[in-house]
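Residue-level listing of the chains:
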Amino acid sequence: METIEVWRGQSTTDTDGNPIQGKPVRVGTFQALVAPVSATDQVEENANPRNIEYTIHIRGSRPTGIRATDLIKVRGQLLPVKGMPQIWDNIHGRHVGDVLTVGERKG
């Protein structure tokens, strides 16, 4: 188990009064199982892309409230959530936890 942090941009307004997403702040921490995702990229000439991606399993009796727009700090890196966090139910329909994928491509 590892500690992960959830970061979320706070609602604010721009100089014209329009709602915008402000600087991210930490909104929570969870104990989670973190598994690296294996992916092969098409490598173009003179390119050396690197995928940083993890699947995160958070056990709990209630949903975590993590959103697709959140950032997750895992292993020292702040990474965006990829897609919608998934609900993890057991065969009896009881909530077991949440599963989400985070990551980014560099290069």
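It should be noted that the structure appears before, not after, this text.
First, a word on what this report is: a plain description of the structure on this page. (Residues numbered from 1 in each chain as written. Predicted model: local features only at pLDDT ≥ 70, side-chain atom pairs only at ≥ 80, totals over all residues. Heavy atoms only, no water.)

## Describing the overall build of the protein chain
Along its length, the protein chain carries zero helices and six strands. The order of α-helices and β-strands along the protein chain, N terminus first, is β-β-β-β-β-β. Split into buried and exposed, the 107 residues of the protein chain put 28% on the buried side. Counting only contacts in the protein chain whose residues sit at least 6 apart along the sequence, the fraction spanning at least 24 positions is 53%. For the protein chain, the exposed area adds up to about 7400 Å²; of that, 47% sits on carbon and sulfur atoms. (Helix = DSSP H or I, 4+ residues; strand = E, 2+ residues; numbered from the N terminus. Buried < 20%, exposed > 50% of the residue type's maximum accessible area, 1.4 Å probe, protein only. Contact = heavy atoms within 4.5 Å. Areas by Shrake-Rupley, 256 points an atom, 1.4 Å probe, with all protein chains shown as cover.)

## Considering unusual backbone geometry
In this model, Arg75 sits at a positive phi of 50 degrees, which is unusual for a non-glycine residue. Looking at the element boundaries, Arg75 is found in the loop between strand E4 (71–74) and strand E5 (77–89).

## Side note on the pairing of strand E3 (residues 50–59)
Side chains on a regular strand alternate between the two faces of the sheet. Of the strand pairs in this sheet, strand E2 (residues 19–36) and E3 are connected by four bridges, and their pairing is antiparallel. Looking at E3, one finds that Ala35 is bridged to Thr55. Here E3 runs beside strand E6 (residues 95–106); their pairing, made up of 10 bridges, is antiparallel. The residue of E6 that forms the bridge with Glu53 is Gly103. (Pairing = 2+ DSSP bridges.)

## Section: the pattern of salt bridges
Within the structure shown, the criterion is met by four salt bridges. Close ionic contact of Glu2 with Arg75 constitutes a salt bridge, the shortest N to O distance being 2.7 Å. Highlighted residues: Glu2 in strand E1 (residues 2–13) and Arg75 in the loop between E4 and E5, separated in sequence by 73 residues. Residues Asp70 and Arg8 are paired through a salt bridge, measuring 2.8 Å at the closest nitrogen-oxygen approach. (Salt bridge = Lys/Arg side-chain N within 4 Å of Asp/Glu carboxyl O.)

## Thoughts on the sheet that holds E6
Strand order in the closed barrel formed by six strands is E1-E2-E3-E6-E5-E4, with antiparallel pairing between adjacent strands. Ignoring which end each strand starts from, the neighbouring axes of this sheet average 40 degrees apart. (Axes fitted to C-alpha atoms, helices over the stretch in contact; angles between N-to-C directions.)

## Observations concerning the side chain of Thr64
With respect to the helices and strands, the residue Thr64 is situated in the loop between E3 and E4. Within the structure, the side chain of Thr64 is placed 3.2 Å from the backbone nitrogen of Ile66, a separation counted as a polar contact. Within the structure, Thr64 has its side chain in polar contact with the side chain of Asp98 (distance 2.6 Å). Each residue touching Thr64, except ones within four places of it in the same chain, is listed here: Phe30, Ile58 and Asp98. (Polar contact = N/O pair within 3.5 Å; in protein donor to acceptor, adjacent residues only side chain to side chain.)

## Looking at the nonpolar core
Grouped together as the largest cluster of nonpolar side chains are 15 residues, with contacts concentrated most on Ile4, Tyr54, Ile56, Ile72, Leu100 and Val102. When residues of this core are assigned to their parent elements, the largest contribution, four residues, is made by E3. What Leu100 contacts, discounting residues up to four positions off in sequence, is Tyr54, Thr55, Ile56, Ile58, Ile66, Ile72, Val81 and Pro85. (Core = buried A, V, L, I, M, F, W, Y, C linked by side-chain atoms within 4.5 Å.)

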